[in-house]
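# Observations on chain architecture
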Amino acid sequence: MISRSGPFPALRHRNFRFFFVGQSVSVIGTWMQSTAQAWLVLTLTNSPFLLGLVSAMQFIPVTLLSLVGGALADRLPKRRLLLTTQATLMVLAFVIALLTWTGVVRYWHVAMLALLLGVANSLDMPTRQAFFAEMVDRQDLANAIALNSAMVNGGRVIGPAVAGLIIASQGVALAFFLNGISFLAVIVALASMQGTPVRPAVTRSLLGHIGEGLQYVRRTPPVLVTLALAGLVSAFVLNFNIFVPVLARGVLKGSAGTYGSLMALVGAGSLVGALFVASASRYGPRQELIRAGAVGVSLAVVCLGFARSYPVAAVLAFSGGLAMVLFTSSNNSFVQMLVPDDLRGRVMSVHTTVFVGSSPVGALLTGGVMDLWGPSAGFFVAGSLGLLAVAAVSVWARRLRVIAVAGPAGTGP
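Residues numbered from 1 in each chain as written. Predicted model: local features only at pLDDT ≥ 70, side-chain atom pairs only at ≥ 80, totals over all residues. Heavy atoms only, no water.

## Overview of the packing of helix H10 (residues 256–280) against helix H12 (residues 310–338)
Convention followed: Fitted lines through C-alpha atoms serve as axes, helices being fitted only where they are in contact, and the angles separating the N-to-C directions of these axes extend from 0 to 180 degrees. Counting from the N terminus, the helices are DSSP H or I runs at least four residues long and the strands are E runs at least two residues long. Reported orientations rely on four angle classes, namely roughly parallel under 35 degrees, roughly antiparallel over 145, roughly perpendicular from 65 to 115, and oblique for the rest. Should the near helix be turned anticlockwise from the far one by less than a right angle, the crossing is termed left-handed; should it be turned clockwise, right-handed. Three classes are used, and their members are as follows: Ala, Val, Leu, Ile, Met, Phe, Trp, Tyr, Cys and Pro are nonpolar, Asp, Glu, Lys and Arg are charged, and the others, Gly among them, are polar.
In contact at an axis separation of 7 Å, H10 and H12 are set at 40 degrees when each is read in the N-to-C sense. One finds that H10 runs oblique with respect to H12. Between H10 and H12 the crossing geometry is right-handed. Of the residues contributing to the contact of H10 with H12, the split by class is 17 nonpolar, eight polar and no charged.

Now the structure itself:
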């Protein structure tokens, strides 16, 4: 048994250390690409709606295909699947870099590549979520999830800031190219792992396998309620990839550097929140953090609609990032700690579907409202819908007598 002394026991597992280091490099590139893609779309179109449409096209495949991805993750070796998806994502990054570098890039190129990126992520995301249980012991699972969140949000700090500097001095093509290079780190890390389990042969059909996971979610009220809240909050208030560039360019009249610095502040707040959740993970997923994070990020989005200066926007960006990760990391950990290992890929594919796949709804809604009535209206509508979602799910949870959302603070499974 590996000792759990110290705040980060998951790092004592060799395979998780390899994963953590490789992903730490890769996610910086991912955030650089996300920043560059949003700035490129606004430069080409100057339309928040078309920016929202690209975001929707990137996440629609996740909505449609993640259940298949989760079933495959429970049937096939997860490490091999991740090697395939990461290599695919690397190729897509190089393609957009080439199109931009040669000056032939058009809006439809960005939209089509975003769609292909979504297809790859529909397999990559549920597989990656389920893979944590193969890298660490179950008692260290919550810590591994929280550390992964801290790593992702550390990349959120560094990636946008570096991307802003690169875009301002060299253009967006270099940011896309560096993202492609960054995938080599995680590919090498995955190839260097030892002793990851190989799934036994499955005789059940793929559709039957998917149905088994859906039945588990439907018959497990704490999971069902938690996933419902994840989907609603994600749809309405977690679209910072739309909020921040519109705020920086359309409201503050800033440059790419302004955009990059605000995204970095969102990441800095997220990193602080993730480290807090990681240090508290030894006590199990904290249910009050799910509620507090959902309410906090919704309020931050509402207040962003009234920001007219960079200092105010900076404080709200940091606060929104912190609250966002309190919600997302605690929500993810709570679900993972309830799920049996043999259903993990399929249940986490449902989590991916509702959490990431709901983003197109909010992206199109927010972009449309901003186009019609301006940025302030979009922020207000999005944040208010988030608060309404928290209230509605809490009432539903009480009726189901589920403690996951509506129960006493600090109670656990």
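Next comes the rest of the account.
## Things to note about the packing of helix H5 (residues 141–169) against H10
Look at H5 against H10: their axes get within 7 Å of each other, and the N-to-C directions meet at 165 degrees. With respect to H10, the element H5 is oriented roughly antiparallel. Judged by the twist between their axes, the crossing of H5 over H10 is left-handed. When its residues are assigned to classes, the contact of H5 with H10 shows 17 nonpolar, nine polar and one charged.

## Some thoughts on the pattern of salt bridges
As a reminder of what qualifies: Here a salt bridge means any side-chain nitrogen of Lys or Arg lying within 4 Å of a carboxyl oxygen belonging to Asp or Glu. Three exposure classes are used, based on accessible area relative to the maximum for each residue type with a 1.4 Å probe and protein chains only: buried under 20%, partly exposed in between, and exposed over 50%.
Inspection of the entire model under this criterion finds four salt bridges. Between Lys 78 and Glu 134 there is a salt bridge, with the nearest N and O atoms lying 3.0 Å from each other. Here Glu 134 lies in helix H4 (residues 107–135) and Lys 78 lies in helix H3 (residues 78–101), a separation of 56 residues in the sequence. For the pair Lys 78 and Glu 134, a shared accessibility class is recorded, and that class is buried. In this structure, Arg 128 and Asp 124 form a salt bridge, with 2.7 Å as the shortest nitrogen-oxygen distance. Taken together, the positions of Arg 128 and Asp 124, both in helix H4 and four residues apart, correspond to about one turn of that helix. Just as Arg 128 is buried, Asp 124 falls in that class too.

## Considering the packing of aromatic side chains
Let me state the cut-off plainly: Aromatic pairing here means that ring centres of Phe, Tyr or Trp (its six-membered ring) are within 6.5 Å. Orientation follows from the plane angle: under 30 degrees is stacked, over 60 is edge-to-face, and everything else is tilted.
Inspection of the entire model under this criterion finds eight aromatic pairs. Taking the centre distance of 6.0 Å and the plane angle of 40 degrees together, the rings of Phe 16 and Phe 20 count as tilted. One end of the pair, Phe 16, and the other, Phe 20, are both in helix H1 (residues 14–45), four residues apart, so they sit about a helical turn from each other. Judged by its relative accessible area of 0%, Phe 16 falls in the buried class. Note on Phe 20: relative accessible area 21%, which makes it partly exposed. An aromatic cluster of three or more residues is present, and its members are Phe 16, Phe 19, Phe 20 and Phe 132.

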